[in-house]
Amino acid sequence: EGVISFPNFGYWKHRRAILNGQMPVSEDLPYAWYNTPNVHLCTLDDFESFCAQNGIIILDRLAMCDGKIVTDNPNLYSSLAFYRFQLPTKN
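I will try to describe carefully the structure that is included in this document.

What counts and what doesn't
Residues numbered from 1 in each chain as written. Predicted model: local features only at pLDDT ≥ 70, side-chain atom pairs only at ≥ 80, totals over all residues. Heavy atoms only, no water. Pairing = 2+ DSSP bridges. Helix = DSSP H or I, 4+ residues; strand = E, 2+ residues; numbered from the N terminus. Contact = heavy atoms within 4.5 Å. Axes fitted to C-alpha atoms, helices over the stretch in contact; angles between N-to-C directions. Salt bridge = Lys/Arg side-chain N within 4 Å of Asp/Glu carboxyl O.

## Structural notes on the sheet that holds strand E4 (residues 80–86)
Taken in spatial order, the 4 strands line up as E1-E4-E2-E3 in an open sheet, and their pairing is antiparallel. The open sheet is flanked by strand E1 (2–7) and strand E3 (68–69), the only strands paired with a single partner. Both strand E2 (residues 57–65) and E3 contribute to a ladder of 2 bridges, which runs antiparallel. Looking at E3, one finds that cysteine 65 is bridged to lysine 68. The sheet strands contacting helix H2 (residues 44–53) are E1, E2 and E4, and the helix crosses E2 at an angle near 175°.

Set out below in structure tokens:
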């Protein structure tokens, strides 16, 4: 098991720059958020998609903004995310 925390780049204030809720991939930014050679910014939706694609089991999620728990549309309204996860077992 592991725990990860990251700023949610899908937070509505950050969306002013990206508008669609996920990290852009373009000619100028040719890497997916998890494959950049530097900082790995992402949204809650990006992280959960990554986990699903890689067999990582999300055990718990806590989304927060200004010290308060966010339950309604956390990809839009939370500024910080905490996840407890389990890596896939090797056979």
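## Considerations on the pattern of salt bridges
Evaluation of the coordinates by the stated rule reveals 3 salt bridges. As a salt-bridge pair, glutamate 1 and arginine 84 come within 2.6 Å of each other at their nearest N and O atoms. Taken together, the residues glutamate 1 in the segment before E1 and arginine 84 in strand E4 connect sequence positions 83 residues apart. Taking the shortest distance from any N to any O, the salt bridge between arginine 84 and aspartate 60 comes out at 2.8 Å.

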